[in-house]
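Residues per chain are reported as follows:
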Amino acid sequence: MNMGLQSRKIIHIDMDAFFASVEQLDNPALRGKPIAVGGSSKRGVVSAASYEARKFGVRSAMSSITAKKLCSELIFVKSRFDRYKEISRKIRAIFLEYTDLVEPLSLDEAYLDVTKNKKDMDSASSIAKEIRARIYKETGLTASAGISINKFIAKIASDYHKPNGQKTVSPDEVEDFLEQLEIKKFYGVGKVTTQKMYSLGIFTGYDLKQKSLAFLERNFGKSGAYYYNAVRGIHHSEVKPNRIRKSVGAERTFAENITSEVYMLEKLTHIAEELELRLKKGKIAGKTITLKIKYSTFATQTRSKTLVYFIASKDLILENAKALLYQEKLTDSVRLLGISLSNLNTEKEEKKQPEYIQLSFKF
């Protein structure tokens, strides 16, 4: 194993089809059936799909119309975020019994650093197994886990034995694991990048490893260094229990496309009200306001401006969003509008990454 690799014990826990599984848990009549959480209208979008629905190709972020075409028996269920948050809090409480180093990524997944843990357990694999058993016992839901020396590999590994399974990539297995991995399975390599990798003769981690840093930076810019290090198992990102929120926003998708800017202002008023409530709840304000416009063609445009002061009130949000709306002419009818604030008053300077030494671990 490369002695330059940092060795920590990182677990990535990912709930299995979380929203859909909660609906099937609470309504036994839905169990074993293809369900989609989300709106069933012609403008609806799938938030989550059960494994029974996924067999037909139904996926999250897919339009409801497409999902229904793929699976005629698909059952649509309205989302209940209060219920999902309730269960997520229970799951997080379990995590915190093992370590304080818990970094939630969303309601249904999180990283845990168990290098040092509250149970004084040597094996990270045993901790993951125990946590998954606890989640099932206390919520009735299943979770999958990936265990390795860093967040990058743990995230990839958690997808290997879904649903209700786990995979450990121990320190001495890291290099072989990454070399054999299909390039499209590398975390951070999306569809467009995958095709570019293919065009350059990169199909696996092994192929990627043969490319020099200069080659990768020339073809992928700043991401080149990330790919160069990732395939070598080098990923220094810490598990951050208090992730700093970078932005707060709200948006609306409309039942019919909008062409009138006057009507858009009415919609922006409601969005600004919703955003104000979210900001007040978190005691947050921001200096950079961004207007998001999604056209009927699905093309997305953003317009931003940075102020010299923090704002959080509906009136100031709306005033600046209105200015951004009139900043330039719209190119088509609009299906979605959103407003977000960034450059927040909660942002702090990132801590310097610590040095890691090579240790011997029981995984």
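Since we're looking at a predicted model, the values are computed, not measured.

## Some words on the pattern of salt bridges
Logical step 1: Applying the stated rule across the entire model yields 19 salt bridges.
Logical step 2: Notably, a salt bridge pairs Glu251 with Lys292, separated by 3.2 Å at the nearest N-O pair. One end of the pair, Glu251, is in strand E9 (residues 247-258); the other, Lys292, is in strand E10 (residues 286-295), and 41 residues separate them in sequence.
Logical step 3: Of the charged contacts, one joins Arg252 and Glu274 as a salt bridge, the two residues approaching to 3.6 Å between their closest N and O atoms. In this pair, Arg252 sits in strand E9 while Glu274 sits in helix H12 (residues 261-282), placing the two residues 22 residues apart along the sequence.

## A few points about the sheet that holds strand E7 (residues 143-148)
Logical step 1: Pairing is mixed across the open sheet formed by 5 strands, whose spatial order is E5-E6-E1-E7-E8. On the outer flanks of this sheet lie strand E5 (102-106) and strand E8 (166-168), each paired with one strand and no other. Strand after strand, the sheet turns through a mean of 15° between neighbouring axes, direction not considered.
Logical step 2: Pairing between E5 and strand E6 (residues 109-113): 4 bridges, direction antiparallel.

## Let's talk about helix H10 (residues 213-220)
Logical step 1: Phe215, Leu216 and Phe220 are the residues of H10 that are buried. End-on view of H10: buried residues confined to an arc of 100°, all on one side of the axis.
Logical step 2: Positioned one or two residues after H10, Gly221 has a phi angle of 60°, which is positive.

## Re the confidence of the model for the chain
Logical step 1: Overall, the prediction assigns the chain a mean pLDDT of 90, with 93% of residues at 70 or greater.
Logical step 2: Contacts from residues 349-360, a stretch scored under 50 in pLDDT, to residues over four places away or in other chains number 19 contacts.

## Looking at helix H13 (residues 314-325)
Logical step 1: End to end, H13 covers 16 Å across 12 residues, agreeing with the expected 16 Å (1.5 Å per residue, within 8%).
Logical step 2: Restricting attention to buried positions, one finds in H13 the residues Ile317, Leu318, Asn320, Ala321, Leu324 and Leu325.

## Some thoughts on the packing of aromatic side chains
Centre distance and the angle of the planes are the two values used to describe a pair of aromatic rings.
Logical step 1: This structure, assessed with the given rule, holds 11 aromatic pairs.
Logical step 2: Arranged with centres 5.8 Å apart and planes meeting at 45°, the rings of Phe152 and Phe186 form a pair that is tilted. Of this pair, Phe152 sits in helix H6 (residues 151-157) while Phe186 sits in the loop between helix H7 (174-180) and helix H8 (191-199); the two residues are 34 residues apart in sequence, bridging distant segments of the chain.
Logical step 3: Accessibility expressed as a relative area gives 2% for Phe152, which makes it buried.
Logical step 4: The exposure class of Phe186 is buried, given its relative accessible area of 4%.
Logical step 5: Measuring from centroid to centroid gives 5.1 Å for Tyr198 and Phe203, while their planes differ by 20°, and the two rings are stacked.
Logical step 6: For Phe203, a relative accessible area of 44% puts it in the partly exposed group.
Logical step 7: Of the aromatic side chains, those joined through ring pairs into one cluster are Phe152, Phe186, Phe220, Tyr226 and Tyr227.
Logical step 8: Stacked on the ring of Phe220, the Lys or Arg Lys196 has its end atom at 5.1 Å from the ring centre.
Logical step 9: In this structure, Arg232 packs its charged tip against the face of Tyr228, placed 3.8 Å from the ring centre.

Criteria and thresholds
Residues numbered from 1 in each chain as written. Predicted model: local features only at pLDDT ≥ 70, side-chain atom pairs only at ≥ 80, totals over all residues. Heavy atoms only, no water. Salt bridge = Lys/Arg side-chain N within 4 Å of Asp/Glu carboxyl O. Helix = DSSP H or I, 4+ residues; strand = E, 2+ residues; numbered from the N terminus. Pairing = 2+ DSSP bridges. Axes fitted to C-alpha atoms, helices over the stretch in contact; angles between N-to-C directions. Buried < 20%, exposed > 50% of the residue type's maximum accessible area, 1.4 Å probe, protein only. Arc of directions from axis to C-beta. pLDDT = per-residue confidence, 0-100. Contact = heavy atoms within 4.5 Å. Expected span 1.5 Å × (residues − 1). Phe/Tyr/Trp six-rings, centres within 6.5 Å; stacked < 30°, edge-to-face > 60°. Lys NZ or Arg CZ within 6 Å of the ring centre and 35° of its normal.

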